[in-house]
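If you want the building blocks of each chain, they are given just below.
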Amino acid sequence: MGCVDNSYDFVVVGGGLVGLSTARALLTRHPTSKVALLEKEDGVAKHQSGRNSGVVHSGIYYAPGSQKAQLTEKGKVALASYCREKKIPWRTVGKLIIATTPEEVPALEGLYQRAKEDPVGEVHLLDGSGIRGVEPKGSGLVALHLPDSAITEYTRIAKAIATDLWEAGATVLYNHELHNATLKKGEWHLETSQGVVNGAYFLNTAGLQADRLAWVAGANPSVRIFPFRGEYWRLKPESSITKALLYPAPNLGMPFLGVHFTPEMDGGTLLGPNALLAWHREGYERGMVENRQIVDALSWTGFWCLGGRHLRAGWEEWKRSRTAQAVAHSARRLVPSLPDNALQRALSGVRAQAVDQDGNLVNDFVVEESPQALHLLNAPSPAATACLAIGEYIAKMLP
Ligand SMILES: Cc1cc2nc3c(=O)[nH]c(=O)nc-3n(C[C@H](O)[C@H](O)[C@H](O)COP(=O)(O)OP(=O)(O)OC[C@H]3O[C@@H](n4cnc5c(N)ncnc54)[C@H](O)[C@@H]3O)c2cc1C
(Lines give C-alpha, C1' and ligand atoms only; values in the text may rest on other atoms or scores of the structure.)
Protein backbone atom coordinates (compact mmCIF):
# COMPACT_ATOMS: atom_id res chain seq x y z
CA MET A 1 0.00 0.00 0.00
CA GLY A 2 1.39 3.38 -0.94
CA CYS A 3 1.73 6.13 1.60
CA VAL A 4 3.60 9.40 1.94
CA ASP A 5 5.79 10.28 4.88
CA ASN A 6 3.98 11.18 8.04
CA SER A 7 0.76 9.79 6.70
CA TYR A 8 -0.94 6.47 7.32
CA ASP A 9 -2.92 3.98 5.31
CA PHE A 10 -5.30 3.39 8.21
CA VAL A 11 -5.99 5.56 11.23
CA VAL A 12 -8.02 3.85 13.94
CA VAL A 13 -9.49 6.17 16.56
CA GLY A 14 -10.15 4.58 19.96
CA GLY A 15 -7.88 2.45 22.13
CA GLY A 16 -10.56 0.18 23.55
CA LEU A 17 -10.68 -3.54 22.81
CA VAL A 18 -12.49 -3.05 19.52
CA GLY A 19 -10.21 -0.33 18.13
CA LEU A 20 -7.12 -2.29 19.18
CA SER A 21 -8.49 -5.50 17.62
CA THR A 22 -9.36 -3.62 14.43
CA ALA A 23 -5.83 -2.21 14.13
CA ARG A 24 -4.42 -5.70 14.75
CA ALA A 25 -6.67 -7.26 12.11
CA LEU A 26 -5.72 -4.56 9.58
CA LEU A 27 -2.04 -5.34 10.11
CA THR A 28 -2.70 -9.05 9.71
CA ARG A 29 -4.51 -8.47 6.41
CA HIS A 30 -2.13 -5.78 5.14
CA PRO A 31 1.22 -6.48 6.83
CA THR A 32 3.10 -3.76 4.97
CA SER A 33 0.54 -1.02 5.62
CA LYS A 34 1.12 1.96 7.91
CA VAL A 35 -1.38 1.87 10.76
CA ALA A 36 -1.87 4.48 13.49
CA LEU A 37 -4.10 4.18 16.52
CA LEU A 38 -5.16 7.40 18.26
CA GLU A 39 -6.33 7.32 21.86
CA LYS A 40 -7.31 10.38 23.87
CA GLU A 41 -6.33 8.88 27.24
CA ASP A 42 -2.83 8.05 28.48
CA GLY A 43 -3.31 4.32 27.96
CA VAL A 44 -5.67 1.68 26.63
CA ALA A 45 -8.99 0.43 28.04
CA LYS A 46 -9.77 3.46 30.21
CA HIS A 47 -13.49 3.37 29.39
CA GLN A 48 -15.84 0.47 28.60
CA SER A 49 -13.06 -2.04 27.92
CA GLY A 50 -11.56 -1.56 31.37
CA ARG A 51 -14.74 -0.99 33.35
CA ASN A 52 -16.82 -4.08 32.72
CA SER A 53 -17.76 -7.39 34.34
CA GLY A 54 -14.93 -9.41 32.82
CA VAL A 55 -17.32 -12.09 31.58
CA VAL A 56 -16.72 -14.11 28.42
CA HIS A 57 -20.26 -14.40 27.15
CA SER A 58 -21.55 -17.60 25.56
CA GLY A 59 -23.88 -15.97 23.03
CA ILE A 60 -26.98 -17.72 24.33
CA TYR A 61 -29.04 -14.51 24.52
CA TYR A 62 -28.61 -13.42 20.92
CA ALA A 63 -30.95 -14.13 18.02
CA PRO A 64 -29.53 -16.96 15.88
CA GLY A 65 -27.99 -15.57 12.70
CA SER A 66 -27.64 -12.04 14.11
CA GLN A 67 -24.26 -10.42 13.79
CA LYS A 68 -24.02 -10.47 17.58
CA ALA A 69 -24.53 -14.23 17.71
CA GLN A 70 -22.05 -14.93 14.92
CA LEU A 71 -19.31 -12.60 16.11
CA THR A 72 -19.68 -13.73 19.74
CA GLU A 73 -19.34 -17.37 18.75
CA LYS A 74 -16.24 -16.65 16.68
CA GLY A 75 -14.86 -14.09 19.10
CA LYS A 76 -14.96 -16.22 22.24
CA VAL A 77 -13.01 -19.02 20.53
CA ALA A 78 -10.42 -16.52 19.27
CA LEU A 79 -10.21 -14.87 22.69
CA ALA A 80 -9.66 -18.16 24.51
CA SER A 81 -6.81 -19.02 22.21
CA TYR A 82 -5.33 -15.50 22.50
CA CYS A 83 -5.41 -15.67 26.30
CA ARG A 84 -3.74 -19.09 26.20
CA GLU A 85 -1.02 -17.78 23.90
CA LYS A 86 -0.37 -14.66 26.02
CA LYS A 87 -0.86 -16.43 29.37
CA ILE A 88 -3.66 -14.05 30.36
CA PRO A 89 -5.82 -15.35 33.22
CA TRP A 90 -8.94 -17.20 32.14
CA ARG A 91 -11.06 -19.00 34.70
CA THR A 92 -13.96 -21.30 33.83
CA VAL A 93 -16.56 -20.67 36.53
CA GLY A 94 -19.83 -21.76 34.86
CA LYS A 95 -23.02 -19.76 34.59
CA LEU A 96 -26.55 -20.23 35.89
CA ILE A 97 -29.40 -18.22 34.35
CA ILE A 98 -32.18 -18.61 36.88
CA ALA A 99 -35.97 -18.26 36.62
CA THR A 100 -37.38 -17.45 40.06
CA THR A 101 -41.05 -17.00 39.10
CA PRO A 102 -43.36 -19.22 36.97
CA GLU A 103 -43.70 -16.35 34.44
CA GLU A 104 -39.96 -16.47 33.75
CA VAL A 105 -39.83 -20.21 33.05
CA PRO A 106 -41.11 -20.22 29.40
CA ALA A 107 -38.45 -17.69 28.36
CA LEU A 108 -35.69 -19.91 29.76
CA GLU A 109 -37.15 -23.02 28.16
CA GLY A 110 -37.29 -21.11 24.86
CA LEU A 111 -33.61 -20.19 25.21
CA TYR A 112 -32.81 -23.83 25.93
CA GLN A 113 -34.57 -25.03 22.75
CA ARG A 114 -32.82 -22.36 20.73
CA ALA A 115 -29.44 -23.30 22.22
CA LYS A 116 -30.01 -26.93 21.17
CA GLU A 117 -30.72 -25.89 17.57
CA ASP A 118 -27.98 -23.26 17.37
CA PRO A 119 -25.25 -24.58 19.68
CA VAL A 120 -23.52 -22.06 21.93
CA GLY A 121 -21.56 -24.66 23.91
CA GLU A 122 -22.73 -27.10 26.58
CA VAL A 123 -26.12 -26.12 28.09
CA HIS A 124 -28.28 -27.99 30.64
CA LEU A 125 -31.77 -27.29 31.92
CA LEU A 126 -31.87 -27.72 35.73
CA ASP A 127 -34.63 -27.80 38.33
CA GLY A 128 -34.33 -26.38 41.86
CA SER A 129 -32.23 -29.24 43.21
CA GLY A 130 -30.01 -29.14 40.11
CA ILE A 131 -29.40 -25.45 40.82
CA ARG A 132 -28.31 -26.24 44.38
CA GLY A 133 -26.06 -28.99 43.04
CA VAL A 134 -24.11 -26.40 41.05
CA GLU A 135 -24.40 -23.49 43.48
CA PRO A 136 -25.35 -24.59 47.00
CA LYS A 137 -26.61 -21.11 48.01
CA GLY A 138 -28.50 -20.55 44.75
CA SER A 139 -32.26 -20.82 44.47
CA GLY A 140 -34.84 -20.84 41.71
CA LEU A 141 -37.47 -22.86 39.84
CA VAL A 142 -35.53 -23.63 36.68
CA ALA A 143 -32.11 -22.64 35.40
CA LEU A 144 -29.91 -22.92 32.37
CA HIS A 145 -26.44 -24.10 33.27
CA LEU A 146 -23.53 -23.24 30.98
CA PRO A 147 -20.57 -25.00 32.58
CA ASP A 148 -17.99 -23.54 30.14
CA SER A 149 -18.66 -19.86 30.93
CA ALA A 150 -15.54 -18.01 31.95
CA ILE A 151 -14.12 -14.78 33.30
CA THR A 152 -10.97 -13.03 32.15
CA GLU A 153 -9.05 -9.75 32.54
CA TYR A 154 -9.98 -7.46 29.68
CA THR A 155 -7.53 -4.69 30.58
CA ARG A 156 -4.67 -7.17 30.30
CA ILE A 157 -6.00 -8.32 26.93
CA ALA A 158 -6.12 -4.71 25.71
CA LYS A 159 -2.54 -4.09 26.88
CA ALA A 160 -1.36 -7.30 25.18
CA ILE A 161 -2.96 -6.25 21.88
CA ALA A 162 -1.34 -2.80 22.15
CA THR A 163 2.02 -4.54 22.56
CA ASP A 164 1.28 -6.66 19.47
CA LEU A 165 0.61 -3.44 17.56
CA TRP A 166 3.93 -1.90 18.59
CA GLU A 167 5.75 -5.07 17.65
CA ALA A 168 4.05 -5.20 14.26
CA GLY A 169 5.18 -1.64 13.50
CA ALA A 170 1.98 0.30 14.16
CA THR A 171 2.09 3.76 15.72
CA VAL A 172 0.07 3.99 18.93
CA LEU A 173 -0.46 7.62 19.95
CA TYR A 174 -1.82 8.20 23.46
CA ASN A 175 -3.09 11.60 24.63
CA HIS A 176 -4.24 12.27 21.06
CA GLU A 177 -7.86 13.33 21.17
CA LEU A 178 -9.50 13.66 17.78
CA HIS A 179 -11.32 17.00 17.47
CA ASN A 180 -11.99 17.36 13.77
CA ALA A 181 -11.77 15.27 10.61
CA THR A 182 -11.77 16.51 7.03
CA LEU A 183 -11.45 14.51 3.84
CA LYS A 184 -9.45 16.58 1.32
CA LYS A 185 -8.31 15.28 -2.07
CA GLY A 186 -8.72 11.67 -1.00
CA GLU A 187 -6.88 12.01 2.32
CA TRP A 188 -8.14 12.45 5.85
CA HIS A 189 -6.77 15.33 7.91
CA LEU A 190 -7.42 14.36 11.48
CA GLU A 191 -6.96 17.26 13.87
CA THR A 192 -5.99 16.01 17.30
CA SER A 193 -5.06 17.64 20.58
CA GLN A 194 -1.41 17.16 19.50
CA GLY A 195 -1.46 18.13 15.84
CA VAL A 196 -2.71 16.73 12.55
CA VAL A 197 -2.51 13.05 11.59
CA ASN A 198 -3.19 12.16 7.95
CA GLY A 199 -4.59 8.90 6.64
CA ALA A 200 -6.25 7.24 3.67
CA TYR A 201 -8.89 5.43 5.79
CA PHE A 202 -10.44 6.52 9.05
CA LEU A 203 -11.83 3.83 11.37
CA ASN A 204 -13.99 5.26 14.10
CA THR A 205 -14.11 2.93 17.10
CA ALA A 206 -14.50 5.64 19.72
CA GLY A 207 -17.08 3.82 21.86
CA LEU A 208 -19.08 6.36 23.87
CA GLN A 209 -18.03 9.17 21.50
CA ALA A 210 -18.42 7.31 18.19
CA ASP A 211 -21.56 9.08 16.92
CA ARG A 212 -20.04 12.48 17.70
CA LEU A 213 -16.89 11.63 15.76
CA ALA A 214 -19.01 10.37 12.86
CA TRP A 215 -20.73 13.78 12.76
CA VAL A 216 -17.41 15.59 12.93
CA ALA A 217 -16.26 13.54 9.92
CA GLY A 218 -19.30 14.56 7.88
CA ALA A 219 -21.28 11.30 8.23
CA ASN A 220 -24.92 11.19 9.18
CA PRO A 221 -25.26 8.38 11.72
CA SER A 222 -28.62 6.63 11.90
CA VAL A 223 -28.38 6.23 15.68
CA ARG A 224 -27.33 8.28 18.68
CA ILE A 225 -25.30 6.93 21.57
CA PHE A 226 -26.83 7.14 25.02
CA PRO A 227 -24.71 6.49 28.09
CA PHE A 228 -26.09 3.96 30.58
CA ARG A 229 -24.13 3.89 33.83
CA GLY A 230 -23.68 0.48 35.42
CA GLU A 231 -22.88 0.53 39.12
CA TYR A 232 -21.31 -2.44 40.89
CA TRP A 233 -21.21 -3.57 44.49
CA ARG A 234 -18.61 -5.91 45.92
CA LEU A 235 -19.54 -8.61 48.41
CA LYS A 236 -17.58 -8.25 51.62
CA PRO A 237 -15.09 -11.16 51.77
CA GLU A 238 -16.98 -12.94 54.55
CA SER A 239 -20.17 -12.82 52.43
CA SER A 240 -18.63 -14.18 49.19
CA ILE A 241 -20.73 -17.31 49.24
CA THR A 242 -21.10 -18.08 45.53
CA LYS A 243 -18.71 -19.50 42.94
CA ALA A 244 -20.49 -19.32 39.59
CA LEU A 245 -21.87 -16.51 37.46
CA LEU A 246 -25.51 -16.13 38.53
CA TYR A 247 -27.92 -14.23 36.27
CA PRO A 248 -31.65 -13.61 36.54
CA ALA A 249 -33.85 -14.70 33.62
CA PRO A 250 -33.32 -12.09 30.91
CA ASN A 251 -35.81 -9.70 29.41
CA LEU A 252 -34.88 -10.36 25.78
CA GLY A 253 -36.39 -7.04 24.73
CA MET A 254 -33.66 -5.21 26.67
CA PRO A 255 -29.91 -5.28 26.03
CA PHE A 256 -29.09 -5.28 29.78
CA LEU A 257 -28.89 -8.52 31.73
CA GLY A 258 -30.12 -7.56 35.18
CA VAL A 259 -28.16 -7.52 38.44
CA HIS A 260 -25.95 -10.59 38.53
CA PHE A 261 -23.25 -12.22 40.65
CA THR A 262 -19.83 -12.18 38.96
CA PRO A 263 -16.81 -13.92 40.45
CA GLU A 264 -13.57 -11.94 40.19
CA MET A 265 -10.13 -13.33 39.41
CA ASP A 266 -8.86 -12.56 42.92
CA GLY A 267 -11.64 -14.58 44.55
CA GLY A 268 -14.03 -11.66 45.23
CA THR A 269 -17.59 -11.36 43.95
CA LEU A 270 -19.21 -8.40 42.20
CA LEU A 271 -22.92 -7.69 42.13
CA GLY A 272 -24.33 -5.55 39.36
CA PRO A 273 -24.26 -3.70 37.12
CA ASN A 274 -27.55 -1.85 37.05
CA ALA A 275 -28.42 0.31 34.01
CA LEU A 276 -29.11 3.99 34.65
CA LEU A 277 -29.56 6.49 31.86
CA ALA A 278 -26.78 9.04 32.47
CA TRP A 279 -26.29 12.67 31.47
CA HIS A 280 -22.56 12.34 30.89
CA ARG A 281 -20.87 10.07 28.34
CA GLU A 282 -18.07 9.39 30.84
CA GLY A 283 -20.16 9.94 33.97
CA TYR A 284 -18.67 7.39 36.35
CA GLU A 285 -19.81 9.30 39.41
CA ARG A 286 -23.41 9.99 40.31
CA GLY A 287 -24.66 13.47 39.44
CA MET A 288 -22.15 14.11 36.63
CA VAL A 289 -23.77 16.17 33.88
CA GLU A 290 -22.40 17.23 30.49
CA ASN A 291 -24.29 20.08 28.80
CA ARG A 292 -23.49 18.60 25.42
CA GLN A 293 -25.14 15.30 26.36
CA ILE A 294 -28.31 17.10 27.42
CA VAL A 295 -28.43 18.72 23.96
CA ASP A 296 -27.57 15.42 22.22
CA ALA A 297 -30.34 13.61 24.09
CA LEU A 298 -33.12 16.17 23.91
CA SER A 299 -32.57 16.86 20.20
CA TRP A 300 -32.97 13.17 19.27
CA THR A 301 -36.57 12.18 18.62
CA GLY A 302 -35.78 8.66 19.80
CA PHE A 303 -35.05 9.98 23.29
CA TRP A 304 -38.67 10.98 23.82
CA CYS A 305 -40.01 7.60 22.66
CA LEU A 306 -37.40 5.81 24.77
CA GLY A 307 -38.40 7.81 27.84
CA GLY A 308 -42.08 7.02 27.37
CA ARG A 309 -41.46 3.32 26.82
CA HIS A 310 -39.01 2.61 29.64
CA LEU A 311 -39.99 5.15 32.29
CA ARG A 312 -41.10 2.50 34.76
CA ALA A 313 -38.04 0.26 34.26
CA GLY A 314 -35.81 3.34 34.60
CA TRP A 315 -37.53 4.36 37.82
CA GLU A 316 -37.08 0.86 39.28
CA GLU A 317 -33.38 0.88 38.37
CA TRP A 318 -32.93 4.31 39.93
CA LYS A 319 -34.66 3.27 43.17
CA ARG A 320 -32.57 0.13 43.34
CA SER A 321 -29.36 2.08 42.89
CA ARG A 322 -29.95 4.28 45.94
CA THR A 323 -29.04 1.79 48.67
CA ALA A 324 -27.09 -1.41 49.12
CA GLN A 325 -30.15 -2.89 50.88
CA ALA A 326 -32.26 -2.43 47.74
CA VAL A 327 -29.62 -4.20 45.63
CA ALA A 328 -29.31 -7.00 48.19
CA HIS A 329 -33.10 -7.34 48.17
CA SER A 330 -33.12 -7.98 44.37
CA ALA A 331 -30.11 -10.27 44.57
CA ARG A 332 -31.81 -12.43 47.20
CA ARG A 333 -34.11 -13.72 44.46
CA LEU A 334 -31.07 -15.72 43.31
CA VAL A 335 -29.31 -16.23 46.65
CA PRO A 336 -31.85 -16.01 49.50
CA SER A 337 -29.25 -16.18 52.30
CA LEU A 338 -27.44 -13.01 51.14
CA PRO A 339 -27.29 -10.73 54.21
CA ASP A 340 -28.42 -7.09 54.02
CA ASN A 341 -25.07 -5.70 55.09
CA ALA A 342 -22.99 -7.78 52.66
CA LEU A 343 -22.37 -5.14 49.99
CA GLN A 344 -20.00 -2.25 49.53
CA ARG A 345 -19.95 0.09 46.53
CA ALA A 346 -17.36 -0.77 43.89
CA LEU A 347 -16.47 0.59 40.45
CA SER A 348 -18.89 1.79 37.84
CA GLY A 349 -18.83 1.67 34.06
CA VAL A 350 -20.77 3.47 31.35
CA ARG A 351 -22.22 1.56 28.41
CA ALA A 352 -22.40 3.14 24.96
CA GLN A 353 -25.89 2.13 23.86
CA ALA A 354 -27.20 3.20 20.45
CA VAL A 355 -30.80 4.42 20.29
CA ASP A 356 -32.51 4.75 16.92
CA GLN A 357 -34.88 7.51 15.78
CA ASP A 358 -37.87 5.51 17.04
CA GLY A 359 -36.44 5.13 20.51
CA ASN A 360 -35.40 1.49 20.18
CA LEU A 361 -32.36 0.32 22.14
CA VAL A 362 -30.43 -1.16 19.24
CA ASN A 363 -29.42 -4.74 19.99
CA ASP A 364 -27.03 -5.68 17.23
CA PHE A 365 -23.64 -4.22 16.36
CA VAL A 366 -23.88 -1.30 13.90
CA VAL A 367 -21.17 -0.31 11.44
CA GLU A 368 -21.87 2.55 9.00
CA GLU A 369 -19.79 3.66 6.05
CA SER A 370 -18.95 7.08 4.70
CA PRO A 371 -16.35 7.85 2.03
CA GLN A 372 -13.02 6.29 3.11
CA ALA A 373 -14.36 5.77 6.62
CA LEU A 374 -16.14 3.22 8.80
CA HIS A 375 -17.94 4.13 11.99
CA LEU A 376 -18.73 1.51 14.65
CA LEU A 377 -21.84 3.05 16.17
CA ASN A 378 -23.03 0.26 18.45
CA ALA A 379 -20.68 -2.16 20.16
CA PRO A 380 -22.42 -3.00 23.42
CA SER A 381 -21.90 -6.15 25.47
CA PRO A 382 -20.60 -8.70 24.48
CA ALA A 383 -18.21 -6.64 22.35
CA ALA A 384 -15.37 -7.37 24.79
CA THR A 385 -15.92 -11.12 24.29
CA ALA A 386 -16.28 -10.62 20.53
CA CYS A 387 -13.56 -7.95 20.05
CA LEU A 388 -11.15 -10.03 17.96
CA ALA A 389 -13.96 -11.14 15.64
CA ILE A 390 -15.36 -7.61 15.35
CA GLY A 391 -11.89 -6.32 14.46
CA GLU A 392 -11.61 -8.88 11.66
CA TYR A 393 -15.11 -8.10 10.46
CA ILE A 394 -14.34 -4.37 10.21
CA ALA A 395 -10.95 -4.97 8.58
CA LYS A 396 -12.62 -7.14 5.92
CA MET A 397 -15.07 -4.37 5.04
CA LEU A 398 -12.22 -2.25 3.70
CA PRO A 399 -10.87 -2.72 0.18
C1 LIG B 1 -20.65 -1.92 32.94
C2 LIG B 1 -20.28 -2.74 31.73
C3 LIG B 1 -20.19 -4.14 31.82
C4 LIG B 1 -19.87 -4.90 30.70
N5 LIG B 1 -19.64 -6.25 30.83
C6 LIG B 1 -19.20 -6.95 29.77
C7 LIG B 1 -18.81 -8.32 29.93
O8 LIG B 1 -18.79 -8.86 31.02
N9 LIG B 1 -18.43 -9.00 28.81
C10 LIG B 1 -18.40 -8.41 27.57
O11 LIG B 1 -18.08 -9.09 26.60
N12 LIG B 1 -18.72 -7.12 27.41
C13 LIG B 1 -19.07 -6.36 28.49
N14 LIG B 1 -19.34 -5.03 28.35
C15 LIG B 1 -19.24 -4.42 27.03
C16 LIG B 1 -17.80 -4.16 26.60
O17 LIG B 1 -17.01 -3.72 27.68
C18 LIG B 1 -17.82 -3.12 25.49
O19 LIG B 1 -18.77 -3.51 24.53
C20 LIG B 1 -16.45 -3.00 24.81
O21 LIG B 1 -15.44 -2.79 25.78
C22 LIG B 1 -16.48 -1.87 23.82
O23 LIG B 1 -15.16 -1.61 23.39
P24 LIG B 1 -14.86 -0.35 22.49
O25 LIG B 1 -13.44 -0.47 22.08
O26 LIG B 1 -15.89 -0.26 21.44
O27 LIG B 1 -15.12 0.92 23.43
P28 LIG B 1 -14.23 1.57 24.58
O29 LIG B 1 -13.59 0.55 25.42
O30 LIG B 1 -15.11 2.55 25.28
O31 LIG B 1 -13.10 2.33 23.79
C32 LIG B 1 -13.31 3.51 23.06
C33 LIG B 1 -12.04 4.34 23.14
O34 LIG B 1 -12.16 5.48 22.31
C35 LIG B 1 -11.47 6.53 22.93
N36 LIG B 1 -11.93 7.81 22.38
C37 LIG B 1 -13.16 8.34 22.49
N38 LIG B 1 -13.21 9.54 21.85
C39 LIG B 1 -11.98 9.75 21.33
C40 LIG B 1 -11.41 10.82 20.60
N41 LIG B 1 -12.12 11.92 20.25
N42 LIG B 1 -10.11 10.74 20.22
C43 LIG B 1 -9.39 9.63 20.57
N44 LIG B 1 -9.86 8.60 21.28
C45 LIG B 1 -11.16 8.64 21.66
C46 LIG B 1 -11.82 6.36 24.40
O47 LIG B 1 -10.92 7.04 25.26
C48 LIG B 1 -11.79 4.85 24.55
O49 LIG B 1 -10.53 4.39 24.98
C50 LIG B 1 -19.65 -4.25 29.46
C51 LIG B 1 -19.71 -2.85 29.37
C52 LIG B 1 -19.99 -2.10 30.50
C53 LIG B 1 -19.95 -0.60 30.40
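Look up: the structure comes first, before these words.
Here we summarise the structure given alongside this text. (Residues numbered from 1 in each chain as written. Predicted model: local features only at pLDDT ≥ 70, side-chain atom pairs only at ≥ 80, totals over all residues. Heavy atoms only, no water.)

Quick look at the site of the ligand now. Inspection of the region around the ligand gives 39 residues, with Glu39, Ser49, Val55, Ala379 and Thr385 positioned closest. Within the contact set of the ligand, an oxygen atom lies 2.6 Å away from a side-chain nitrogen or oxygen of Glu39. Here Ser381 contributes a side-chain N or O atom positioned 3.4 Å from a nitrogen atom of the ligand. When contributions to the shell around the ligand are tallied by element, the ones reaching two or more residues are α1 (17-29) and β18 (343-356). Of all the elements, α1 adds the most residues to the shell around the ligand, at three residues. Here the shell around the ligand is built from residues that sort into 16 nonpolar, 17 polar and six charged. (Near = heavy atom within 4 Å. Polar contact = N/O pair within 3.5 Å; in protein donor to acceptor, adjacent residues only side chain to side chain. Helix = DSSP H or I, 4+ residues; strand = E, 2+ residues; numbered from the N terminus. Nonpolar A, V, L, I, M, F, W, Y, C, P; charged D, E, K, R; others polar.)

It is worth spelling out the pattern of salt bridges at this point. The tally for this structure, following the rule as stated, stands at 19 salt bridges. With a shortest N-O distance of 3.1 Å, Arg212 and Glu290 are connected by a salt bridge. On the criterion of sequence distance, the pair formed by Arg212 in helix α6 (residues 210-216) and Glu290 in the loop between β17 (276-277) and α7 (291-298) is long-range, its members being 78 residues apart. Since its relative accessible area comes to 17%, Glu290 is described here as buried. With its nearest N and O atoms 3.2 Å apart, the salt bridge here joins Arg229 to Glu231. (Salt bridge = Lys/Arg side-chain N within 4 Å of Asp/Glu carboxyl O. Buried < 20%, exposed > 50% of the residue type's maximum accessible area, 1.4 Å probe, protein only.)

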